[in-house]
Amino acid sequence: MILPALIQQCAPQVAPATMAAVVRVESGGNPLAMWNDTTRSLVIPGNRQQAIAYLRRAMASGQRVDVGLAQVDTENFAAVGLTPATAFDACTNLRAGAQILATAYRQAAATFGPGQSALYHAFEAYNSGRLWGDGVYARRILAASGHPFPLGAGGASPFSGQSNGRAYRVQTVRWNQARSRPKPSQLAYVLTWGAITRTPSPAAP
């Protein structure tokens, strides 16, 4: 897995734990990994030269490929300044992935407000290009970071609450408006709450 120091150096605009989770889900930490979106196939070249040659051929034939540590889509290469020759450099690829995620976060924050909810939608956009509708991927990133649901300040989940002295957590999250863009004032998700069972602490002697 990528060293935290490399992430801090190359992707300083994204929290190291967040970027590490993206890398873990996207490429498993393999800087040569590729997913050909056109042929729906995983490609793991033996060395960097083979990787560059494959990517050049794929792009020349009009295929879309997710590339490197952050699995940057070739459709985004022009926007983030990548080429087949530079896309497999660990630092350059991380920087490009962080740029894409940061842009998605700014877009999400403008729609849903800043914070963990915006980050959740930014994860969706990182994978699909849309701010909603890809919750499965977003939850994969959260799980990879060690948080099954987004954590707010102090480690509290914004999807948690207290009622009559009992703690609750989200059991399911489902899309409420699958075919239309939610307005900023509307809830994007329907949450199903379930009580958390707690084991009583033993009495003090």
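Every value quoted in this text rests on a predicted model; they were computed, and no experiment measured them. (Residues numbered from 1 in each chain as written. Predicted model: local features only at pLDDT ≥ 70, side-chain atom pairs only at ≥ 80, totals over all residues. Heavy atoms only, no water.)

## Focus: the overall build of the chain
Alright, step 1. A tally of helices and strands in the chain yields seven helices and seven strands.
Alright, step 2. Start at the N end of the chain and walk to the C end: the helices and strands fall as α-α-β-β-α-β-β-α-α-α-α-β-β-β.
Alright, step 3. In the chain, which comprises 205 residues, the share counted as buried stands at 41%.
Alright, step 4. Intrachain contacts of the chain at a sequence separation of at least 6 include 49% that bridge at least 24 residues.
Alright, step 5. When the accessible surface of the chain is split by element, carbon and sulfur atoms take 53% of a total near 11300 Å². (Helix = DSSP H or I, 4+ residues; strand = E, 2+ residues; numbered from the N terminus. Buried < 20%, exposed > 50% of the residue type's maximum accessible area, 1.4 Å probe, protein only. Contact = heavy atoms within 4.5 Å. Areas by Shrake-Rupley, 256 points an atom, 1.4 Å probe, with all protein chains shown as cover.)

## Section: the nonpolar core
Within soluble globular proteins, side chains that are nonpolar tend to cluster in buried spots.
Alright, step 1. Met19 and Met34 are the most contacted members of the largest nonpolar core, which totals 51 residues.
Alright, step 2. Going through the elements one at a time, helix 1 (4–10), helix 2 (16–26), helix 3 (48–60), strand 3 (65–67), helix 4 (77–80), helix 5 (90–112), helix 6 (116–128) and helix 7 (135–144) are the ones with two or more residues in this core.
Alright, step 3. With 10 residues, helix 5 is the single largest residue contributor to this core.
Alright, step 4. In contact with Met19, other than residues within four places in its own chain, are Ile7, Ala11, Val14, Ala70, Leu94, Gly97 and Ala98. (Core = buried A, V, L, I, M, F, W, Y, C linked by side-chain atoms within 4.5 Å.)

## Comments concerning the packing of helix 6 against helix 7
Alright, step 1. At a minimum axis separation of 8 Å, helix 6 and helix 7 run at an interaxial angle of 115 degrees. By the angle between their axes, helix 6 is roughly perpendicular relative to helix 7. The handedness of the crossing between helix 6 and helix 7 is right-handed. Of the residues in helix 7, those in contact with Tyr120, Phe123, Glu124, Tyr126 and Asn127 of helix 6 are Gly135, Tyr137, Ala138, Arg139, Ile141 and Leu142.
Alright, step 2. A breakdown of the residues in the contact of helix 6 with helix 7 according to their chemical character gives seven nonpolar, two polar and two charged. (Axes fitted to C-alpha atoms, helices over the stretch in contact; angles between N-to-C directions. Parallel < 35°, antiparallel > 145°, perpendicular 65-115°, else oblique. Left-handed = near helix turned anticlockwise from the far one by under 90°. Nonpolar A, V, L, I, M, F, W, Y, C, P; charged D, E, K, R; others polar.)

## Let's talk about helix 6
Alright, step 1. Over its 13 residues, helix 6 runs 19 Å from end to end, which matches the ideal 18 Å to within 8%, given 1.5 Å per residue.
Alright, step 2. What helix 6 keeps buried is the set Ala118, Leu119, Tyr120, His121, Ala122, Phe123, Glu124, Ala125 and Tyr126.
Alright, step 3. Following helix 6 by one or two positions, Gly129 adopts a phi angle in the positive range, close to 85 degrees. (Expected span 1.5 Å × (residues − 1).)

## Details of the packing of helix 2 against helix 6
Between two packed helices, the angle of one axis relative to the other and the distance separating the axes together describe the packing.
Alright, step 1. At their nearest, the axes of helix 2 and helix 6 sit 13 Å apart, and the two run at 35 degrees to each other. Seen along the crossing, helix 2 lies across helix 6 with a hand that is right-handed. Here Thr18, Val22 and Glu26 of helix 2 lie close against helix 6, whose contacting residues are Phe123, Tyr126 and Asn127.
Alright, step 2. In terms of residue class, the contact of helix 2 with helix 6 is made up of three nonpolar, two polar and one charged.

## Here we look at unusual backbone geometry
Alright, step 1. Even without glycine at this site, Arg40 takes up a positive phi of about 55 degrees.
Alright, step 2. With respect to the helices, strands and loops of the structure, Arg40 is situated in the loop between strand 1 (34–36) and strand 2 (41–43).
Alright, step 3. The phi angle at Gln71 is positive, at roughly 50 degrees, despite the residue not being glycine.
Alright, step 4. With respect to the element layout, Gln71 can be found in the loop between strand 3 and strand 4 (72–73).

## Regarding the side chain of Asp66
Alright, step 1. Along the polypeptide, Asp66 turns up in strand 3.
Alright, step 2. Of the side chains bearing the opposite charge, Arg64 lies closest to the buried Asp66, which forms no salt bridge; the N-O distance is 5.3 Å.
Alright, step 3. Contacts of Asp66, omitting those with residues within four sequence positions, involve Ala33, Met34, Trp35, Asp37, Gln71, Val72 and Asp73. (Lys, Arg positive; Asp, Glu negative; His and termini not counted. Salt bridge = Lys/Arg side-chain N within 4 Å of Asp/Glu carboxyl O.)

## Some details on the pattern of salt bridges
Alright, step 1. Applying the stated rule across the entire model yields three salt bridges.
Alright, step 2. Two residues, Asp73 and Arg64, come together in a salt bridge whose shortest N-O distance is 2.3 Å.
Alright, step 3. Assessed through its relative accessible area of 12%, Asp73 is described here as buried.
Alright, step 4. Taking the shortest distance from any N to any O, the salt bridge between Glu75 and Arg64 comes out at 3.7 Å. Placement of the pair is Glu75 in the loop between strand 4 and helix 4 and Arg64 in the loop between helix 3 and strand 3, with a sequence separation of 11 residues.
Alright, step 5. Arg64 gets classed as partly exposed once you look at its relative accessible area, which sits at 34%.

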